[in-house]
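# Understanding the architecture of this molecule
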Amino acid sequence: MHPLRKLRESGKPTPAQVSELLTENVVFNSPILVRPIEGREVIAAIFAQSSSTRGPVPIQPSLSSIDRTTFLRWVGTMDGHKFESLEVIVDNEQGLIVERAIALRPYPALKLFRDAMYAALKDKLPDYASP
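The present account deals with the structure reproduced in this document. (Residues numbered from 1 in each chain as written. Predicted model: local features only at pLDDT ≥ 70, side-chain atom pairs only at ≥ 80, totals over all residues. Heavy atoms only, no water.)

## Description of the nonpolar core
Quick reminder of the rule: Side-chain atoms within 4.5 Å link the members of a nonpolar core, which is a set of buried Ala, Val, Leu, Ile, Met, Phe, Trp, Tyr and Cys residues. Each residue is placed in one exposure class: buried if its accessible area under a 1.4 Å probe, protein chains only, is under 20% of its type's maximum, exposed if it is over 50%, and partly exposed if it falls in between. Between two residues, a contact is recorded if the distance between any of their heavy atoms is within 4.5 Å.
With 32 residues, the main nonpolar core has Leu-22, Ile-43, Ile-46, Phe-47, Phe-83 and Leu-104 as its most contacted residues. Aside from chain neighbours lying at most four places away, what touches Leu-22 is Arg-40, Ile-43, Ala-44, Phe-47, Leu-96 and Ile-97.

What follows is the structure, given as structure tokens:
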């Protein structure tokens, strides 16, 4: 089981807990962001807030490749709307996350999630990441 999945399934992770799993120059790609974000501190805050915003969701089995790439899929609800995510996590040789990309669907749930995330993180996101 990937350490990020294990952390998320253990409860609501803190930014400090998430930070321990990330490289200094980690990159995050998401459809709720205008551009990719880089940097451990801001991405740790985003990942921790994401777990709180969407609440507990069952994660489907993950598949790992020999290239230190993990695929995670989860299905849940956001304010009564079905919500799906597919995540691609790339680790370095030390097992730290260097890149994470997510795809979210359908749009009504994505919009609810995006709005909640921006409200919670508006003071932490770089200007270029906001809509």
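Anyway, onward from the coordinates.
## Details of the side chain of Ser-85
Filter applied, for reference: Every helix listed is a DSSP run of H or I at least four residues long, and every strand listed is a run of E at least two residues long, numbered separately from the N terminus.
Take Ser-85: it is sitting in strand S5 (residues 81-91). What makes Ser-85 buried here is its relative accessible area of 4%. Among all residues touching Ser-85, those that are not within four sequence positions of it are Leu-72, Arg-73, Trp-74, Ile-102, Ala-103 and Leu-104.

## Regarding the pattern of salt bridges
So the rule is basically this: Here, a salt bridge means any side-chain nitrogen of Lys or Arg that lies within 4 Å of a carboxyl oxygen of Asp or Glu.
One pass over the full model with this rule turns up eight salt bridges. Note that Arg-40 is salt-bridged to Glu-24, the shortest N-O span being 3.1 Å. Of this pair, Arg-40 sits in helix H3 (residues 40-54) while Glu-24 sits in strand S1 (residues 22-29), placing them 16 residues apart in sequence. A relative accessible area of 25% places Arg-40 in the partly exposed class.

## Here we look at the packing of aromatic side chains
Let me state the cut-off plainly: Ring pairs are drawn from Phe, Tyr and Trp, using the six-membered ring of Trp, whenever the two centres fall within 6.5 Å, and their geometry is named by plane angle: stacked under 30 degrees, edge-to-face over 60, tilted for the rest.
With the rule as written, the count across this model stands at three aromatic pairs. Measuring from ring centre to ring centre gives 5.0 Å for Phe-28 and Phe-47, while their planes differ by 80 degrees; the resulting arrangement is edge-to-face. Of this pair, Phe-28 sits in strand S1 while Phe-47 sits in helix H3, and the two are 19 residues apart along the sequence. Among the residues examined, Phe-28 registers a relative accessible area of 3% and is labelled buried. Classification of Phe-47 as buried rests on a relative accessible area of 3%. Each ring, one from Trp-74 and one from Phe-83, has its centre 5.5 Å from the other, and the planes form 80 degrees; the classification is edge-to-face. Taking the relative accessible area as the measure of exposure, Trp-74 reaches 1% and is therefore buried.

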